[in-house]
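Summary of structural features
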Amino acid sequence: LAHVFRDSVEYDRIKERLDSDQYEYDWRCDTTTTQNNEDNRDEEMTTSIPQYVARTKQRLQTRFQNTFIRSTNLNLQRFFTIWKRDRRYIFVKFVQNFAMGISVGS
């Protein structure tokens, strides 16, 4: 299954988005360190540990990273995505509701 997914258009779209390094909601405390390679990041962290600790402390004191509206939207999108994948459930619920409507309505 993995090779089928890697050949799909969906894989290309996801990979392109991940490689772009531009996210609408980016929770990293310092975006400049993520643009450097691993060696530069380690070197920068060791030279500025007090600043790194201060930024991390400030970031962790934020109670919620997302607003209520954003969290609700993410949960609804997740629910509908999972719900749409289960076509048998949708069909059975449709038949059940249709049958109940016919039996109660007549």
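1. Overview of the overall build of the protein chain
- Counting secondary structure elements, the protein chain contains seven helices and zero strands.
- Along the protein chain, helices and strands appear, N-terminal first, in the series α-α-α-α-α-α-α.
- A buried classification covers 6% of the 106 residues belonging to the protein chain.
- Counting contacts in the protein chain only where the partners sit at least 6 residues apart, residues at least 24 apart contribute 32% of the total.
- For the protein chain, the exposed area adds up to about 9900 Å²; of that, 58% sits on carbon and sulfur atoms.

2. Describing the packing of aromatic side chains
- Taken as a whole, this structure holds four aromatic pairs when the rule is applied.
- Ring geometry for F79 against F80: centres 5.3 Å apart, planes inclined by 65°, an arrangement best described as edge-to-face.
- A residue is classified by how much of its surface remains accessible, and F80, at 42% relative accessible area, is partly exposed.
- Judged by centre distance (6.4 Å) and plane angle (75°), the ring pair of F80 and W83 falls under edge-to-face. Here W83 and F80 lie together in helix α6 (residues 68–85), a separation of three residues that amounts to about one turn.
- When its relative accessible area of 34% is taken as the criterion, W83 is described as partly exposed.
- What links up through ring pairs into an aromatic cluster is the set F79, F80 and W83.

3. Let's talk about a nonpolar patch on the surface
- A cluster of nonpolar side chains, namely F91, V92, F94, V95, F98 and I102, defines an oily patch on the protein surface of about 650 Å² accessible area.
- Note that V92 resides in helix α7 (residues 87–105).

4. With respect to the packing of α6 against α7
- Look at α6 against α7: their axes get within 5 Å of each other, and the N-to-C directions meet at 85°. Looking at the two axes, α6 sits roughly perpendicular to α7. Residues W83, K84 and R85 of α6 touch α7, and the partners they reach there are R87, Y89 and I90.
- Residues that form the contact of α6 with α7 fall into these classes: three nonpolar, no polar and three charged.

5. Things to note about the confidence of the model for the protein chain
- For the protein chain, mean pLDDT is 77; residues scoring 70 or higher make up 71% of the total.
- Confidence, read as mean pLDDT per element, is least for helix α3 (residues 31–35) in the protein chain (47) and greatest for α7 (92).
- Low pLDDT, under 50, characterises residues 33–37; the stretch is placed with eight contacts to residues that sit more than four places away or in other chains.

Thresholds applied
Residues numbered from 1 in each chain as written. Predicted model: local features only at pLDDT ≥ 70, side-chain atom pairs only at ≥ 80, totals over all residues. Heavy atoms only, no water. Helix = DSSP H or I, 4+ residues; strand = E, 2+ residues; numbered from the N terminus. Buried < 20%, exposed > 50% of the residue type's maximum accessible area, 1.4 Å probe, protein only. Contact = heavy atoms within 4.5 Å. Areas by Shrake-Rupley, 256 points an atom, 1.4 Å probe, with all protein chains shown as cover. Phe/Tyr/Trp six-rings, centres within 6.5 Å; stacked < 30°, edge-to-face > 60°. Patch = residues over 30% accessible without salt bridge, like charges linked within 9 Å, V, L, I, M, F, W, Y side chains within 5 Å. Salt bridge = Lys/Arg side-chain N within 4 Å of Asp/Glu carboxyl O. Axes fitted to C-alpha atoms, helices over the stretch in contact; angles between N-to-C directions. Parallel < 35°, antiparallel > 145°, perpendicular 65-115°, else oblique. Nonpolar A, V, L, I, M, F, W, Y, C, P; charged D, E, K, R; others polar. pLDDT = per-residue confidence, 0-100.

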